[in-house]
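Listed here are the chains, written in short residue letters.
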Amino acid sequence: MADNEFLENADGKTLSKPPTPGDIFFDKSFRFLTRAFTWATILLLAFIVYKIGGEALPAFPDLRIKFLFTSTWDSSQNVYGLLPQIWGTLYSSFLALILGGFFGITIAIFITQDFLPYKIEIILKNIIELLAAIPSVVYGLWGIYVLIPLIRPFANFLHEHLGWIPFFSTRLSGLGLLPAALVLSIMILPTVAAISQDAFKAIPHKTKEAAFGMGTTRWEAILRVMLPAASGGIFGALVLGFGRALGETMALAMLIGSMPTVTLSILSPADTIAALLANTFPEAAVGLETGALMYAACVLLLITLIVNVAGAVIVAKATPGGDKR
Amino acid sequence: MEPRALKSIVLSVITIVCAITACIPLFSVLLMLVYRGGKRLSFQLFYTLPPGAFDAPGVGGFGNAIVGTAFMVGIAGLISVPFGILAAIYLAELDPHSKVSEIARFCAKTMTGLPSIIAGVFAYAVVVLVMGHYSAWAGGIALSLLMLPTVMLTAEEAIKMVPNPMREAAYGMGCTPSQSLTEVILPVAMPSIITGVVLAVARAAGETAPLLFTALFSESWLAPNNPTASLAVLIYNWSSSPYQNLIELAWAASLILVVLVFVLNIISRSIGGKTKL
């Protein structure tokens, strides 16, 4: 009787039996399939690099390395140069990193260093994570109709009174580096904050207790003990944030003004590689211009791969378990 | 007061101000979406086609873009979810420490940082150039590249979190590795896997750059072999339109997109929150 009860509970299956030939066949093919898809992941990334590289290759004899150091992009004369876009990509990401990095680290300190009751801590964490959930195209729209009108008077005040500083040497006529970098910094803030939080949480409690035991104030403990202890992870967070900023497309395509200039002025329009691709690709002439754009895509891919790999390695080394992101 | 204590208080105040400042953009975006997008919100948006430039203000919608986004995210999910979960099973369960797994894990992590525009360029080269025309398929494939690493890495974590005694019990009952996976481990890990999938879907729904030159845009209803409209590209195209009507619709589309993304985020949190192993 007891036997039957067990059988009923197991939906008619016996609880234990050796695998049938069918089971073994299923097992083998299932395991083969998982292995195949693991290989496919590796091949996919290799294929992406190979394909984009392959499309760029025909343009290389015409454009050569010079492509990276000249500034004209003129499809009517078939002259292409990527220098302003490379500069704009690095400069806008750097500006975003200064601002987003500062806020990200400060918020990570605020959340992890017992400033807040647990409930408010969770709310703040969720708000910061939701910042990352908003699509970048919505940030672009917000940037055009809300942010730019808001910062324009302030930016032009800066130009009029501090115009001798190269950073403010032009007027902000609307689209430009400053609004683009501001939106970009909002977009990388959650990345920096999240990874920095992991770095702070990885520090053993005793470290802080020892600092307090020496009679430090809360901020002496944070600045002299906690920050140095977490510095490796925070550095990795900044590098990964920089990587995110380099590859970000839509907010920049909508806000930066797409003007190929090499400028220090944060109030001037500029251009980035990703924005160039977004704006030019759909209408590009087949032939050398498409080739030049593929070349540009290749450059962007290489820069972001290098920065992201570096960031991942730094984070993995600095915070055990922090490499899961 | 002692200068050290004073310094501590000043720094605390600065931190609080920073935290509040960082929250402002989120509330500003949400407020503007409700204010400017909410004005145009109606059922008409969901079943009408985009208006012509000279239609009366207040006319038209973007039903085709909603369908297009759903269709392309669906294709992306159909590709990336089985792909990601099967690879994750291998990484987490079958052979976690082999060279192949190490390299595949590294590749997936690298792909999380892949600029979304590069996914578009790749899909353009592989699908659009081969098929000879823009299509919803190309858009879906571009999106799947962005979903894959998220699905894979979260699924791997989810499978790893299944307690070891459950595995041992399954093996002890004479299960083959695959049986222990399909009967025991995957069902236990499923809520966490779904969390990752939902997050990936939420991200893909808002992606614009991969669709710009794979799916392009269209003014008519979904036809998968032709250029296809999506909410994200619609917002981009109409954001700088000279017509007030189209700008209003872009705000309404943004509101719908953000509500969708937030709902997906909340769903994934509530699924993930319930099943902390």
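Rules of the game
- Here the residue numbers are simple positions, counted from 1 along each chain's written sequence.
- For naming, the first written chain is A and the first written ligand is 1, with later ones following in the order written.
- In view of the model being predicted, local features appear only for residues whose pLDDT reaches at least 70, and side-chain atom pairs are presented and counted only at 80 or more, with totals across whole chains, interfaces and linings using the full set of residues.
- A run of DSSP states H or I qualifies as a helix once it reaches four residues; a run of E qualifies as a strand once it reaches two. Both are numbered from the N-terminal end.
- Exposed residues have 12 or fewer other C-beta atoms within 10 Å of their own C-beta, buried residues have 20 or more, and residues in between are partly exposed; the C-beta atoms are placed from the backbone.
- Contacts are defined on C-beta atoms placed from the backbone: any two residues whose C-beta positions lie within 7 Å are in contact.
- These domain boundaries are the output of an automatic or database domain assignment.
- Asp, Glu, Lys and Arg are counted as charged, while Ala, Val, Leu, Ile, Met, Phe, Trp, Tyr, Cys and Pro are counted as nonpolar; the rest, among them Gly, fall into the polar class.
- The angle between two axes is taken between their N-to-C directions and runs from 0 to 180 degrees, where each axis is a line fitted to C-alpha atoms and a helix contributes only its stretch in contact.
- Angles are sorted into four bins: roughly parallel if under 35 degrees, roughly antiparallel if over 145, roughly perpendicular if 65 to 115, and oblique for all others.
- A crossing counts as left-handed when the near helix is turned anticlockwise from the far one by less than a right angle, and as right-handed when that turn is clockwise.
- Each residue carries a pLDDT score, the predictor's confidence in it, ranging from 0 to 100.
- Linking buried Ala, Val, Leu, Ile, Met, Phe, Trp, Tyr and Cys residues through C-beta atoms within 7 Å yields a set, and such a set is a nonpolar core.

S.K.: Tell me about the overall build of chain B, and name the residues and values.
M.R.: For chain B, the helix and strand inventory stands at 10 helices and 0 strands. Along the chain direction, N to C, the helices and strands of chain B fall in the order α-α-α-α-α-α-α-α-α-α. Considering only C-alpha atoms, chain B reaches an extent of 75 × 70 × 35 Å along its principal axes. Scored against the burial criterion, the 277 residues of chain B give a buried share of 50%. Restricting the contact set of chain B to residue pairs at least 6 apart, pairs at least 24 apart contribute 74%.

S.K.: How would you sum up the domain arrangement of chain B? Please name residues and give values.
M.R.: Examined at the domain level, chain B breaks down into domain 1 (3-31) and domain 2 (63-274). Centre-to-centre, using C-alpha coordinates, domain 1 of chain B lies 35 Å away from domain 2 of chain B.

S.K.: Any details on the interface of chain A and chain B? Residues and values, ideally.
M.R.: Contact with chain A, which involves 69 residues of that partner, is made by 66 residues of chain B. The element that contributes the greatest number of residues to the side of chain A that touches chain B is helix 2 (residues 21-56) of chain A, accounting for 20 residues. Residues that form the side of chain A that touches chain B fall into these classes: 48 nonpolar, 12 polar and 9 charged.

S.K.: Report on the packing of helix 6 (residues 136-162) of chain A against helix 7 (residues 177-201) of chain A, specifying residues and quantitative values.
M.R.: Residues and elements named next belong to chain A. Between helix 6 and helix 7, the shortest axis-to-axis distance is 9 Å and the interhelical angle comes to 130°. The orientation of helix 6 relative to helix 7 falls into the category oblique. Pair helix 6 / helix 7 crosses with right-handed handedness. Contacts between helix 6 and helix 7 pair Ser-136, Tyr-139, Gly-143, Leu-147, Ile-148, Ile-151 and Ala-155 from the former with Leu-178, Pro-179, Leu-182, Val-183, Ile-186 and Met-187 from the latter. For the contact of helix 6 with helix 7, the residue count by class is 11 nonpolar, 2 polar and no charged.

S.K.: Kindly report on helix 9 (residues 231-239) of chain B, identifying the contributing residues and their values.
M.R.: Counting buried positions along helix 9 of chain B yields 8 of 9 residues, so the element is predominantly enclosed. Where helix 9 of chain B is concerned, the buried positions are Leu-231, Ala-232, Val-233, Leu-234, Ile-235, Tyr-236, Trp-238 and Ser-239 of chain B.

S.K.: Describe the packing of helix 6 (residues 136-160) of chain B against helix 8 (residues 177-206) of chain B, naming the residues involved and giving the relevant values.
M.R.: Residue and element names in this part refer to chain B. In the contact formed by helix 6 and helix 8, the axes pass within 8 Å of each other and the chain directions differ by 150°. Between helix 6 and helix 8, the angle falls in the class roughly antiparallel. Judged by the sense of rotation from one axis to the other, the crossing of helix 6 with helix 8 is right-handed. Each of Leu-143, Leu-146, Met-147, Thr-150, Val-151, Thr-154, Ala-155, Ala-158 and Ile-159 in helix 6 lies in contact with helix 8, whose residues at this interface are Ile-185, Ala-189, Ser-192, Ile-193, Thr-195, Gly-196, Val-197, Leu-199, Ala-200, Arg-203 and Ala-204. Broken down by class, the residue content of the contact of helix 6 with helix 8 amounts to 14 nonpolar, 5 polar and 1 charged.

S.K.: So what's going on with the domain arrangement of chain A? Residues and values would help.
M.R.: Interfaces are often described in size by the accessible area the parts lose on coming together. Residues and elements named next belong to chain A. Assigned domains of chain A: these are domain 1 (2-59) and domain 2 (69-324). Put simply, the middle of domain 1 and the middle of domain 2, counted by C-alpha atoms, are 39 Å apart. Here the residues of the side of domain 1 that touches domain 2 sort into 5 nonpolar, 1 polar and 1 charged.

S.K.: I'd like a description of the confidence of the model for chain B, backed by residues and values.
M.R.: Confidence in the prediction for chain B averages 90 pLDDT; 98% of positions are at 70 or higher. Interface confidence in the predicted complex, given as ipTM, is 0.92; pTM for the same model is 0.90.

S.K.: Go over the nonpolar core, please, and point to the residues and values.
M.R.: Nonpolar side chains in soluble globular proteins tend to end up buried together. Of all hydrophobic cores here, the largest spans 189 residues; its most connected members are Leu-277 and Ala-297 of chain A together with Leu-234, Ile-235 and Ala-253 of chain B. In terms of residue count, helix 7 of chain A provides more of this core than any other element does, 17 residues in total. In this structure Leu-277 of chain A touches Leu-293, Ala-296 and Ala-297 of chain A together with Ile-117 and Val-121 of chain B, once residues within four positions along its chain are discounted.

S.K.: With reference to specific residues and values, describe helix 11 (residues 273-280) of chain A.
M.R.: Owing to its 3.6 residues per turn, the α-helix brings residues three or four apart onto one side. Counting buried residues along helix 11 of chain A, 7 of its 8 residues qualify, which places the element largely inside the surrounding structure. Residues of helix 11 of chain A that are buried include every one of Ile-273, Ala-274, Ala-275, Leu-276, Leu-277, Ala-278 and Thr-280 of chain A, and no others.

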